[in-house]
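Take a look at the letters that make up each chain.
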Amino acid sequence: MKRVLTKKLLPGMILANDVFTYDSHTKLMDKGTVLNEKDIARLAFYSIIDVLIEDAPAEETVPPRASETGLTYSERLRQSEAFKEFKHDFEECASKFEHTIGDILKGNEDLDLDEMMTPIYSLISQGRTTSNIFDMLHNLRLYDDATYTHCINVALITNIIAQWLKWDESEVEIATQAGLFHDIGKLLIPDSIITKPGALTDDEFSLVKTHPQKGYEAMKNLSISAHVKNAALMHHERCDGTGYPLRLRGPQIDKFAKAVAIADVYDAMTSARYYRGPICPFIAISMFEDEGFQKYDPEMILSFLHNIVNTYLLNTVRLNTGEVGEIIFVNSANLSRPTIKVGNDYIDLSKCPGVYIQEII
Ligand SMILES: [Fe+2]
Ligand SMILES: [Fe+2]
């Protein structure tokens, strides 16, 4: 039996123990479950940090298949000039951010916020559309484990969420900063715990869960919006009171923390992992639709899902039945289940319970 971080799980691995949610100790999955992509996304959705896995070798995982045209959507994207440019800008951004954060954690309170935010905004501008940015983020494979990468992803996604919600310009800026700084407390947790191969003890696990307070403390004296500090403290709170550290409920949670919470979980579910391709965004969307409306701000989550689905309109997808078709109509009442045109047929996924979008190709 070995401990595997959720972000390193592969389809085919077998759970060695039952998995429970951290808050209500509701059983999420049974011992013996052979994990598939949906299960892994579900564990990420519930912010499960790690699970125990049977030693038996995982079934051979199939690398992303080439489509009929030779390359998958991800492969084509990764070879494009636009992607290479994004990747380059992103790397630069990550190293600048790492530098500044190092200063903050050492107690340096002179933060040049503008200098820090400029590279982030330049990632978003440059004629890149939101669907571009989501696609690029889903396919970035470098700095796989670094908290810095995750923070930049969350900054970009929170920025997009704020724009979709039509927040004013100064609020969009605060939202971006809130995403960037949300996990700064994680950098204060010893690496030996984050990378420990065996199961975490209760004490070690409690320590990991202190990262929201640690982040808040680290930023307390910085001249930065109180919302940014609140987002560090409250991004693991959930509207139904099942989050941590304070078990706050909807109205008590800072609205910037609510936006960051959505971006944080979406990134955990969809960002590419070195050993497997990115999880299909439609799997993440269905998870939010099935289990997310009590946990996240309903207005924010609706706008987020609606907009994401619309960015994939007219994309070609492969269904779990193996059929390939084009997304031609979004069902507002069932966002993860649009209508797909396959040949001359139309498949309304909202009327086909067992069929779902497995892959964008
Ligand atoms: Fe966090
Ligand atoms: Fe996070």
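Computed from a prediction, not measured in an experiment: that's the story for all the values here.

1. Structural notes on the overall build of the protein
Inference 1: Along the protein, the regular secondary structure elements total 14 helices and nine strands.
Inference 2: Rg of the C-alpha trace for the protein: 20 Å, near the compact-globule value of 21 Å for 361 residues, within the 12% margin.
Inference 3: Considered along the principal axes of its C-alpha atoms, the protein spans approximately 60 × 50 × 40 Å.
Inference 4: Of all 361 residues assigned to the protein, the portion counted as buried reaches 53%.
Inference 5: Considering only contacts in the protein between residues 6 or more positions apart, those separated by 24 or more positions represent 66%.
Inference 6: Charged side chains in the protein number 36 positive and 52 negative. The centres of these two groups are separated by 3 Å.

2. As for the packing of helix α4 (residues 113-124) against helix α6 (residues 147-164)
Inference 1: Orientation of α4 relative to α6, taken along the N-to-C sense of each, is 60°, at an axis distance of 11 Å. With respect to the hand of their crossing, α4 and α6 are arranged in right-handed fashion. Packed against α4, whose contacting residues are I120, Y121, L123 and I124, the element α6 presents I152, A155, L156, N159 and Q163 at the interface.
Inference 2: Looking at the contact of α4 with α6 residue by residue, the class counts come to seven nonpolar, two polar and no charged.

3. As for the packing of aromatic side chains
Centre distance and the angle of the planes are the two values used to describe a pair of aromatic rings.
Inference 1: For the structure shown, the criterion picks out 15 aromatic pairs.
Inference 2: Centre to centre, the rings of W167 and F256 are 5.1 Å apart; their planes meet at 65°, and the pair counts as edge-to-face. In this pair, W167 sits in the loop between α6 and α7 (169-181) while F256 sits in helix α12 (residues 255-270), placing the two residues 89 residues apart along the sequence. As far as burial versus exposure is concerned, W167 and F256 are alike and both buried.
Inference 3: With a centroid separation of 6.0 Å and 65° between ring planes, the pair formed by F282 and Y312 is classed as edge-to-face.

4. Observations concerning α6
Inference 1: Given a rise of 1.5 Å per residue, 18 residues ought to cover 26 Å, and the 26 Å separating the end C-alpha atoms of α6 matches this to within 8%.
Inference 2: With 17 of 18 residues buried, α6 is to be regarded as a mostly interior element.
Inference 3: Positioned one or two residues after α6, K166 has a phi angle of 60°, which is positive.

5. Topic: the coordination of the iron ion (ligand 2)
Inference 1: Around the iron ion (ligand 2), the protein contributes the donor atoms H150 (NE2), H182 (NE2), D183 (OD) and D264 (OD), at 2.2 to 2.3 Å from the metal centre.
Inference 2: Coordination geometry of the iron ion (ligand 2): the four donor atoms subtend angles of 76 to 172° at the metal centre, consistent with an arrangement described as irregular.
Inference 3: Spacing between the donor residues of the iron ion (ligand 2) along the chain follows H-x31-H-D-x80-D.
Inference 4: Between the iron ion (ligand 2) and the iron ion (ligand 1), both coordinated by D183, there is a metal-metal distance of 3.6 Å. Taken together, the positions of D183 in the loop between α7 and α8 (191-194) and D264 in helix α12 put the pair 81 residues apart, joining distant regions of the chain.

6. What to know about the domain arrangement of the protein
Inference 1: Parsing the protein into structural domains produces domain 1 (2-53), domain 2 (78-310) and domain 3 (312-360).
Inference 2: Averaged C-alpha coordinates put domain 2 and domain 3 at centres separated by 29 Å.
Inference 3: Across the contact, 16 residues belong to domain 2 and 14 residues belong to domain 3.
Inference 4: Across the domain 2 to domain 3 interface the summed buried area is about 1200 Å²; carbon plus sulfur atoms make up 64%.
Inference 5: Where domain 2 touches domain 3, the interface holds zero salt bridges.
Inference 6: One can count nine residue pairs in polar contact (both at pLDDT 80 or more) joining domain 2 with domain 3.
Inference 7: The set of elements that each furnish at least two residues to the side of domain 2 that touches domain 3 consists of α5 (130-139), α13 (281-291) and α14 (298-311).

7. Notes on the nonpolar core
Inference 1: Core analysis: the biggest nonpolar cluster contains 108 residues, and I152, L156, F181, F288 and F304 have the highest contact counts within it.
Inference 2: Apart from residues no more than four positions distant in its own chain, F304 is found in contact with F134, I157, I161, W164, I262, Y266 and F288.
Inference 3: In this structure, I189, I193, L200 and V208 belong to the second largest nonpolar core, which totals five residues.

8. Describing the packing of α13 against α14
Inference 1: Running from N to C, α13 and α14 point in directions that differ by 155°, and their axes come no closer than 11 Å. Regarding the angle of α13 to α14, the classification is roughly antiparallel. In terms of crossing hand, the pair formed by α13 and α14 is left-handed. Along its contact with α13, which presents F282, I285, F288 and E289, the element α14 presents I301, F304, L305, I308 and V309.
Inference 2: Considered class by class, the residues forming the contact of α13 with α14 number eight nonpolar, no polar and one charged.

About the criteria used
- Residues numbered from 1 in each chain as written.
- Chains lettered and ligands numbered in written order.
- Predicted model: local features only at pLDDT ≥ 70, side-chain atom pairs only at ≥ 80, totals over all residues.
- Heavy atoms only, no water.
- Helix = DSSP H or I, 4+ residues; strand = E, 2+ residues; numbered from the N terminus.
- Rg over C-alpha atoms; globule rule 2.2 N^0.38 Å.
- Buried < 20%, exposed > 50% of the residue type's maximum accessible area, 1.4 Å probe, protein only.
- Contact = heavy atoms within 4.5 Å.
- Lys, Arg positive; Asp, Glu negative; His and termini not counted.
- Charge placed at Lys NZ, Arg CZ, Asp CG, Glu CD.
- Axes fitted to C-alpha atoms, helices over the stretch in contact; angles between N-to-C directions.
- Left-handed = near helix turned anticlockwise from the far one by under 90°.
- Nonpolar A, V, L, I, M, F, W, Y, C, P; charged D, E, K, R; others polar.
- Phe/Tyr/Trp six-rings, centres within 6.5 Å; stacked < 30°, edge-to-face > 60°.
- Expected span 1.5 Å × (residues − 1).
- Donors = N, O, S within 2.8 Å, 3.2 Å for Na, K, Ca; no water.
- Tetrahedral: all angles 85-135°; square planar, octahedral: opposite > 155°, others 65-115°.
- Domains from an automatic or database assignment.
- Buried area = accessible area lost by both parts, 1.4 Å probe.
- Salt bridge = Lys/Arg side-chain N within 4 Å of Asp/Glu carboxyl O.
- Polar contact = N/O pair within 3.5 Å; in protein donor to acceptor, adjacent residues only side chain to side chain.
- Core = buried A, V, L, I, M, F, W, Y, C linked by side-chain atoms within 4.5 Å.
- Parallel < 35°, antiparallel > 145°, perpendicular 65-115°, else oblique.

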